[in-house]
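Structural features, examined
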Amino acid sequence: MPYSFSMDPAGSTSEEPTTVAQRLINATIDVIDSEGEAAVRVLSIVETVGVPIPVLYRQFGNRDGLVQAAQSERLIRDLRAELNQINARLDATTCREEFEEALIGIARAMMTPDRAEVRL
């Protein structure tokens, strides 16, 4: 069976964020995913989350710190989603041959030309 990666754009977390920092990161990720990194505006993010602007600066230092934290979280979510898919595929194997076939399929899927940017 061929194996392919598909990304869960919402990430792998389904829990409500419990910290202000996580809510700020999530709001920033939403903007990045829908409009791009250049569209991230500090005032818009704090209004969305419902906190005063000094809270954002206390948590992240500045806009760049917030964007860096959001991009790091996006990467972690993407990697977690891929690892979950890999684990599920490997867990479904019942013998050595299936396991080897699964590993080869995973490696081939990871090395396709359309994933060159992800590999970088």
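Quick look at the structure, then. (Residues numbered from 1 in each chain as written. Predicted model: local features only at pLDDT ≥ 70, side-chain atom pairs only at ≥ 80, totals over all residues. Heavy atoms only, no water.)

1. Observations regarding the overall build of the protein chain
In terms of regular secondary structure, the protein chain is built from 6 helices and 0 strands. Expressed as a percentage of the 120 residues in the protein chain, the buried residues total 32%. For the protein chain, the accessible surface area stands at approximately 8,000 Å², while carbon and sulfur atoms represent 54% of it. (Helix = DSSP H or I, 4+ residues; strand = E, 2+ residues; numbered from the N terminus. Buried < 20%, exposed > 50% of the residue type's maximum accessible area, 1.4 Å probe, protein only. Areas by Shrake-Rupley, 256 points an atom, 1.4 Å probe, with all protein chains shown as cover.)

2. Overview of the environment of Asp91
Position of Asp91 relative to the elements: it lies in helix H4 (residues 63–91). Along the chain, Asp91 and Ala102 lie 11 residues apart, while their C-alpha atoms are 9.8 Å from each other.

3. Some details on the packing of helix H1 (residues 20–35) against helix H3 (residues 53–60)
Remark: H1 packs on H3, axes separated minimally by 10 Å, with the N-to-C direction vectors making an angle of 95°. One element, H1, and the other, H3, form an angle in the roughly perpendicular class. For the pair H1 and H3, the contacting residues are Val20, Ala21, Leu24 and Ile25 in the first and Val55, Leu56, Gln59 and Phe60 in the second. Partitioning the contact of H1 with H3 into residue classes produces 7 nonpolar, 1 polar and no charged. (Axes fitted to C-alpha atoms, helices over the stretch in contact; angles between N-to-C directions. Parallel < 35°, antiparallel > 145°, perpendicular 65-115°, else oblique. Contact = heavy atoms within 4.5 Å. Nonpolar A, V, L, I, M, F, W, Y, C, P; charged D, E, K, R; others polar.)

4. Things to note about the pattern of salt bridges
Any two side chains of opposite charge can pair if their charged atoms end up close together. In this structure the tally under the stated criterion is 5 salt bridges. We note a salt bridge from Arg74 to Asp33, for which the minimum N-O separation is 2.9 Å. You can see Arg74 sitting in helix H4 and its partner Asp33 sitting in helix H1, a full 41 residues away along the chain. Close ionic contact of Glu82 with Arg115 constitutes a salt bridge, the shortest N to O distance being 3.0 Å. On the criterion of sequence distance, the pair formed by Glu82 in helix H4 and Arg115 in the loop between helix H5 (96–110) and helix H6 (116–119) is long-range, its members being 33 residues apart. Accessibility classification places Glu82 together with Arg115 in one group, the buried group. (Salt bridge = Lys/Arg side-chain N within 4 Å of Asp/Glu carboxyl O.)

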